[in-house]
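# Survey of secondary and tertiary structure
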Amino acid sequence: MITLNIDGKEIEIEDGATILEATEKAGANVPTLCYDKRLAPFGACRICLVELEGTRTKFTPSCTTPATNGMVVRTTSPALIKARRTILELLLINHPLDCPVCDKAGECKLQDLVYEYGLSENRFKKDMSNLPIDYKSPLIERNLNRCILCGKCARICDEIQDVAEVSFVNRGMKAKIGTDFDRSLDCEFCGQCIDICPVGALTSKLFKFKARVWELTDKDIICPYCNVGCNLTARSRDGRILKIDAKESGVNEGGVCVKGHFGFDYIYAEDRLTQPLIKNNGKLIPSSWDEAFNLMVSKFSMLKGQVGMLVSPRLTNEEIYTAKEFMNNLLEGHIACAEGLEHLSALSETGLSLGELKEIKNSDCIMLFACLSETNPVAGIAINYAVKRKEANLIVISPIKIKESKLAKDELLIAPGQEITIINEIMAEIIRQNWQDSAFINDCTEGFEPLKEQVTRYTEEGSGVSKEAILSAARLYVESKNPCIILSSPTPDLVRVAGSLLLLKGKTRLHLLGKRSNEVGAFDILGDRDRAFISSARGLFLIGSELPNEALQNKEFIVVSDLYLTETASMADVVLPATASLEKKGTFTNFEGRIQQTDTASNPPCGAKSDLEIISQIALKMGFELPKFKEIEKREFKKGNFLPTQAKDIKISSDYPLRQSRFHSGKISQRSKALMEVSK
Amino acid sequence: MIWHIKIDEILSSYKDRSDLIPILQRLQEKMGWLSTPVLQRIEEKTGLSGAEIFGVATFYAQFRFKPQGKNLIKVCHGTACHVSGVEKIEEALRQELAVKGDEPTDDGLFSLERIACLGCCALAPVIMINKKCYGKLEPNKIQKVIKDYK
């Protein structure tokens, strides 16, 4: 700890902190333009100058200067204000004051500073640069004339997202932010550069000329896509979301991907359902809610005990819980999640608990089995951080080269579908070298002997990776302090072997990412239930879920509640218009098991009801009030189980290895025009 | 492709980002200028992004992004040459070869570049064609000098 004096206040701060961090702690207001706490200090804009007593130069940029013991700092003085005014004047030489047509106006850092420092005219005159505006790039508009060259976009693209799509090009007066040969952007379109741009040089095309920022209502939401559960701010006017920004607090710490940032327009798709439909003579006829409810009540009472329900893992915890109570108490039928949750039940078999995102950031050895830039990009950011900032070792195990490969210390290119084999081979190597944590295994686990017997049989190179490579990966893994293993939507067997690998090292958390926002919540409430009841059930109630047409044949009564008229919905007897997760309140459980609150950000289409309302209203019609959702306790590690698992014969389809794409092509992402634009 | 093999030979010496500038220099020596496919190949082989490579290359005046004539004529615009009337020499050169700006001639034989100082001020006004210097020039001597390269 060091002590320094800021504006007469004694401040204690840890070694290595910058003066700017100390001034923040002191509560002083030092302006910044090029500084962001997620990025390495850069010192481009010089607006954060402070006065240092006893130094020859006197003025020093606070964001790049480390604080030292006994420093005496002044954050404001007439001379400083004059210096900052000059810096602003110099910036304004090349910054057009087109604030009335700029989408950033109102939350522009430069605008705020010019206002604060009261600059009304500029001593320096020069012709403004007149660079062409990039209208061609999808989703992001780049107006380089407004750019103040703080370099934040280039740095976040490189340091955080590890894409480096833009960079400083040219030199001196001609310097600008650009791509190679001035082509239009072709990146991951996470749009973090838009969020971080202090001026209006980078703006969202979806928001262009839609509203002034001060007209927007901000609501805290949870991203409706994957189960990293990013905390976002949905900004709407008149009940319609116009733009989504990442929130700096929360799991994602300001991180966001293209789906969360731009993919919200699926709720405004033209084919959204707006009123209940009832099948009459083979045709779905619009009807009222009352008619639909009455029909459902009479049919459900008739089919009591023989109705099955499937719920989507994108529903809120409250909805899934209510649905479960509804089925248990009223219809006495089976309920299950529409998507398989076998990987989560495999995790509970191993006794491990769910890993957290911040553990990835602080890990020193990461074993990665999936390309996260495709499925869970914000978790990928954590890997970039660990590797680039904290010098963690990354081991990539994949049949194809993935984005993360270039960061990898070890890259094991396995034969397609041999993930389980390679983990078994790594475990065999660890056990052969006697590197395992025997004390932990004796005290806290069961089943080590059968595992040992099974894996040490692995001698051949079944995974297609050489012995030396496996040994080197095993050594990296064993020699690390906080290793983590990252899987995304894996098979249950892969979870079992990965769990064993963690237990060998005495670790108890597995990072298990999923594609759907509330998979973990659905598992906590429903567990992994067998879906065999579908074939024998006489009636079906499908919430946000789809089934192949064969499964819908010979059913007496099918109710579908969904956002769109899907193929399954068109086979139903009653179709109910539901609301999307951006249109309702509730909680989602993210991949860490963290329960997070989401808010109503957009008005649902007139006539749609949330699934919670739908189920509670039917229940009320049937004369029953459903209990309220209670939070479920987090699972903690108690005892680990080694589960010896062998790779099964895998049939590789002809289109394997799968082409890398930016998005999973689900029901909702396909309806987002923004996502479709960039996935071409 | 043949040019791929040539480039890959040079790129094989890449270890980390500090090797980028020497590699760009050698590539330009071999290819005459840095084209989009060449930069793309560097991107593929080194893992650096296109924008980063372009950013480094555009920072230095020595790298060219437009095709260059077979013979590069460097016209010195140092103080001594300026005083001895290099502007007239350049004008005569441009007229003789019909070159505009930094574009190469139509037959692809020559391109012209303005240089700050060649360092042989005693010979002013001076030009350099490829690696040979021609000093004490006068506008009417230009035709003779160029003739050797046609």
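This one's a predicted model, so the numbers in the text were calculated from it and none came from an experiment. Numbers given for residues are sequential positions, taken from 1 along each chain in its written order. Labels follow written order: the first chain is A, the first ligand is 1, and so on. Local features in this predicted model are restricted to residues of pLDDT 70 or higher, and side-chain atom pairs are both shown and tallied only at a pLDDT of 80 or more, whereas totals for entire chains, interfaces and linings draw on every residue. Excluded from the side-chain calculation are hydrogens and water; included are all heavy atoms of the structure.

## Side note on the nonpolar core
All names here are of chain A. Judged by nonpolar contacts, the single largest core of 93 residues is most densely connected at L110, I140, V228, Y266, I383 and L394. Strands here mean DSSP runs of E at least two residues long; helices mean DSSP runs of H or I at least four residues long; both are numbered from the N terminus. Counting residues per element, this core draws most heavily on helix α12 (residues 377-388), which supplies seven residues. Between two residues, a contact is recorded if the distance between any of their heavy atoms is within 4.5 Å. Leaving out residues up to four positions away in the same chain, Y266 has contacts with P224, Y225, L563, Y564, A580, S581, L582, I668, R671 and S672. The nonpolar core is taken to be a set of buried Ala, Val, Leu, Ile, Met, Phe, Trp, Tyr and Cys residues, with the residues joined through side-chain atoms within 4.5 Å. Summary of the burial criterion: residues with accessible area below 20% of their type's maximum are buried, those above 50% are exposed, and those between are partly exposed, where the area comes from a 1.4 Å probe applied to protein chains only. The next biggest cluster of nonpolar side chains, apart from the first, holds 85 residues, and it includes F300, L354, V465 and L512.

## So, the pairing of strand β14 (residues 283-286) of chain A
Residue and element names in this part refer to chain A. As judged from the four bridges shared by strand β13 (residues 277-280) and β14, these two strands associate in the antiparallel manner. Paired with N280 across the two strands is K283, which belongs to β14. Pairing between strands requires that DSSP locate at least two bridges from one strand to the other. With antiparallel pairing between neighbouring strands as the criterion, β13 and β14 make up a hairpin whose turn holds two residues, including N281 at a positive phi of roughly 50 degrees.

## Focus on the environment of F110(B)
Residue and element names in this part refer to chain B. Position of F110 relative to the elements: it lies in strand β2 (residues 110-115). Take F110: its relative accessible area is 1%, and that puts it in the buried class. The sequence separation of F110 and A98 amounts to twelve residues, and the corresponding C-alpha distance is 9.9 Å.

## Some points on the domain arrangement of chain B
Domains are outlined according to an automatic or database domain assignment. For chain B, the assigned domains are domain 1 (2-59) and domain 2 (71-147). Put simply, the middle of domain 1 of chain B and the middle of domain 2 of chain B, counted by C-alpha atoms, are 30 Å apart.

## Here's the deal with helix α6 (residues 86-97) of chain B
Residue and element names in this part refer to chain B. The span you would expect from a helix comes to 1.5 Å times its residue count less one. Under the 1.5 Å per step criterion, the end-to-end length of α6 is 16 Å for twelve residues, consistent within 8% with the ideal 16 Å. Taken together, the buried positions of α6 are V86, I89, E90, A92, L93 and L97. Down the axis, α6 shows its buried residues gathered within 160 degrees of arc, on one side only. In this structure, α6 carries K88, E91 and Q95 as exposed residues pointing more than 90 degrees from its buried face. In this description, one arc is meant: the one made by directions from the helix axis to the C-beta atoms.

## A short note on the pattern of salt bridges
Whenever a carboxyl oxygen of Asp or Glu lies within 4 Å of a side-chain nitrogen of Lys or Arg, that contact is scored as a salt bridge. Counted according to the given criterion, the structure contains 48 salt bridges over all chains. Measuring nitrogen to oxygen at the nearest pair gives 2.9 Å for the salt bridge that ties E44(B) to R41(B). Taken together, the residues span about one helical turn, with E44(B) and R41(B) both in helix α3 (residues 36-46) at a distance of three residues. The exposure class of E44(B) is exposed, given its relative accessible area of 56%. A relative accessible area of 12% places R41(B) in the buried class. Salt bridges here are not isolated pairs; linked through shared partners, they connect E107(A), D218(A), R235(A), K243(A) and D245(A).

## Topic: the pairing of strand β2 (residues 9-13) of chain A
Residue and element names in this part refer to chain A. Sheet topology note: the strand β1 (residues 2-6)/β2 ladder contains five bridges and is antiparallel. Bridge pairing in β2 places I2 opposite I13. The antiparallel hairpin formed by β1 and β2 contains two residues in its connecting segment, where D7 sits at a positive phi of about 50 degrees.

## Some thoughts on unusual backbone geometry
Comment: phi is negative for the bulk of residues other than glycine, and the bulk of peptide bonds are trans. Of note, the bond from A124(B) into P125(B) is cis; its omega dihedral lies within 30 degrees of zero at -10 degrees. By secondary structure assignment, the location of P125(B) is in the loop between β2 and β3 (127-129). Residues other than glycine seldom take positive phi values, yet L149(A) does so here, at roughly 55 degrees. As for its position among the elements, L149(A) is in the loop between β6 (140-142) and α4 (152-160). In this structure L149(A) comes out as partly exposed when scored by relative accessible area, which is 30%. A positive phi angle, near 50 degrees, is found at N130(B), a position not held by glycine. With respect to the helices and strands, the residue N130(B) is situated in the loop between β3 and β4 (132-134). Residue classification places N130(B) among the partly exposed residues on the basis of a relative accessible area of 32%.

## Quick notes on the sheet that holds strand β1 (residues 71-76) of chain B
Residue and element names in this part refer to chain B. Here we have four strands laid out as an open sheet, ordered β2-β1-β3-β4, and mixed in their pairing. Every other strand in the sheet has two partners, leaving β2 and β4 as the edge strands with one partner each. Each strand axis lies, on average, 25 degrees off the axis of its neighbour in the sheet, ignoring direction. One ladder, built from three bridges, connects β3 with β4; its direction is antiparallel. In the strand pairing of β4, I127 is matched with Y134. Helix axes use the C-alpha atoms of the stretch in contact, all axes being lines fitted to C-alpha atoms, and the angles between their N-to-C directions lie in the range 0 to 180 degrees. Packing against the sheet, α6 makes contact with β1, β2 and β3, and its axis sits at approximately 165 degrees to β2.

## Concerning the confidence of the model for chain B
All names here are of chain B. Here pLDDT means the predictor's own confidence in every residue, given as a number from 0 to 100. In this model, chain B carries an average pLDDT of 88, and 98% of its residues clear a pLDDT of 70 or more. Here helix α1 (residues 2-11) is the element of chain B with the lowest mean pLDDT, 80, and helix α4 (residues 50-59) is the one with the highest, 94. Across the interfaces of the predicted complex, the ipTM metric reaches 0.84, alongside a pTM of 0.88.

## A look at the packing of helix α2 (residues 20-31) of chain B against α4(B)
Residue and element names in this part refer to chain B. Where α2 contacts α4, the axes come no closer than 11 Å and their chain directions differ by 75 degrees. Considering the angle they form, α2 stands roughly perpendicular to α4. From α2, L20, I21 and L24 reach across to α4, where they touch I53, V56 and A57. Residues are grouped as follows: nonpolar covers Ala, Val, Leu, Ile, Met, Phe, Trp, Tyr, Cys and Pro; charged covers Asp, Glu, Lys and Arg; every other residue, Gly included, is treated as polar. Residue classes in the contact of α2 with α4 are distributed as six nonpolar, no polar and no charged. Angle categories are assigned with fixed cut-offs, so that under 35 degrees is roughly parallel, over 145 is roughly antiparallel, 65 to 115 is roughly perpendicular, and the rest are oblique.

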